[in-house]
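Structural description and commentary
Residues per chain are reported as follows:
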Amino acid sequence: MEKTSGPFELPPLPWDEGALAPVISQRTIALHHGKHHATYVKKLNELVAGTRFAQMPLELVIASSVGGEENRKIFNNAAQAWNHAFFWNCLRPKGGGEPPKSIAKRLEADFGGYAGFREQFAKAAVECFGSGWAWLVSRSGKLEILATSNAVTPITMGATPLLALDVWEHAYYLDYENRRPEFVDAVIDQLLNWEFAAEQLDKAQSGYRKAA
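This text gives an overview of the structure that appears in the document. (Residues numbered from 1 in each chain as written. Predicted model: local features only at pLDDT ≥ 70, side-chain atom pairs only at ≥ 80, totals over all residues. Heavy atoms only, no water.)

Here we look at the pairing of strand β2 (residues 142-149)
As defined by bridge partners, strand β1 (residues 132-139) adjoins β2 across 8 bridges and the pair is classed as antiparallel. In the sheet register, Trp 133 faces β2, and the bridge partner there is Thr 148. Turn length for the β1-β2 hairpin, with the two strands adjacent in sequence and antiparallel, is 2 residues, and the turn residue Ser 140 shows positive phi of about 55 degrees. (Pairing = 2+ DSSP bridges. Helix = DSSP H or I, 4+ residues; strand = E, 2+ residues; numbered from the N terminus.)

Structure follows, in structure tokens:
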């Protein structure tokens, strides 16, 4: 694993590297977290050294660097560092399946039920052109599904992410080669961490109630 030096650190995985096998292999997780994610953090630390960004929390770095060319590299690495840290928590061994009642009610209201959510979420992930992400988010009191390209993250769009699915090739190519739909189906059905999503929804609803 790459060592980082600077204000931002590579967070540890919430489970062992081999815990998601056979859906995602230990080799893929080791490379994805220990190389790709670590490189975003390392590069971000290099880019912010001696700048105002070095004193900011990661989310503020993202908010302060989004848009424009001057800080594009900082944004890309900061957003990817955040996206990946979030993504790891969206997965768990023996996950997937039907969500808890608290979030199932919202899926019923906004997608017609779990089946409607699953269809739309899988479609967003499979059809995301090139590298990117599929997201389940809460925005303005409603649940939405978004697909974002490259490092783009919903936290710059007034949305609270509940779940993320990484569809950059490094997330699945060693295990699935070009079979992205197979990877997407396996993650949704066997790894999604609905308990984590429910916690994020509760935070989003609390914030929405306060703002209302």
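Structural notes on the packing of aromatic side chains
The geometry of an aromatic ring pair is captured by two quantities: the separation of the ring centres and the angle between the planes. Under the counting rule described, the total for this entry stands at 14 aromatic pairs. Site record: aromatic cluster; members linked through ring pairs are Trp 15, Trp 82, Phe 86, Phe 87, Trp 88, Trp 133, Trp 135 and Phe 196. (Phe/Tyr/Trp six-rings, centres within 6.5 Å; stacked < 30°, edge-to-face > 60°.)

Digging into the layout of surface pockets
As a volume, the largest pocket reaches approximately 150 Å³. Taken together, 11 residues make up the lining of the largest pocket; nearest its centre are Ser 138, Arg 139, Ser 140, Thr 160 and Ala 204. Among the elements that take part in the lining of the largest pocket, helix α8 (residues 194-211) stands out by supplying 3 residues, more than any other. Residue composition of the lining of the largest pocket, grouped by class: 3 nonpolar, 6 polar and 2 charged. (1 Å grid on protein atoms, 1.4 Å probe; cavity = no way out; pocket = protein on both sides within 12 Å on 5 of 7 lines; lining within 4 Å. Points joined across faces, edges and corners; volume = space filled by probe spheres on them. Nonpolar A, V, L, I, M, F, W, Y, C, P; charged D, E, K, R; others polar.)

As for the sheet that holds β1
Reading across the sheet, the 3 strands line up as β2-β1-β3 and stay open at both edges, with antiparallel pairing between neighbours. At either margin of the open sheet sits one strand with a lone partner, and together these are β2 and β3 (160-166). The average undirected angle you get between the axes of adjacent strands in this sheet is 20 degrees. Bridge analysis of β1 against β3 gives 6 bridges, and the strand direction is antiparallel. Across the sheet, Trp 133 pairs through a bridge with Asp 166, a residue of β3. (Axes fitted to C-alpha atoms, helices over the stretch in contact; angles between N-to-C directions.)

Observations concerning the environment of Arg 139
Within the fold, Arg 139 resides in strand β1. Linking Arg 139 and Gly 158, residues 19 residues apart in sequence, is a C-alpha distance of 6.6 Å. If sequence neighbours within four positions are ignored, Arg 139 has contacts with Glu 144, Leu 146, Met 157, Gly 158 and Ala 159. Side chain to side chain, Arg 139 and Glu 144 meet in a polar contact 2.7 Å long. (Contact = heavy atoms within 4.5 Å. Polar contact = N/O pair within 3.5 Å; in protein donor to acceptor, adjacent residues only side chain to side chain.)

Details of the packing of helix α1 (residues 26-48) against helix α3 (residues 72-89)
Direction vectors running N to C along α1 and α3 enclose 145 degrees, while the axes themselves pass 9 Å from each other. In this structure, α1 crosses over α3, and the sense of that crossing is left-handed. Contacts between α1 and α3 involve Ile 29, His 32, His 33, His 37, Thr 39, Tyr 40, Val 41, Lys 43, Leu 44, Leu 47 and Val 48 from the former and Lys 73, Ile 74, Asn 77, Ala 78, Gln 80, Ala 81, His 84, Ala 85, Phe 87 and Trp 88 from the latter. Its residues assigned to classes, the contact of α1 with α3 comprises 12 nonpolar, 7 polar and 2 charged. (Left-handed = near helix turned anticlockwise from the far one by under 90°.)

Remember, this is a structural readout, not a statement about activity or role.
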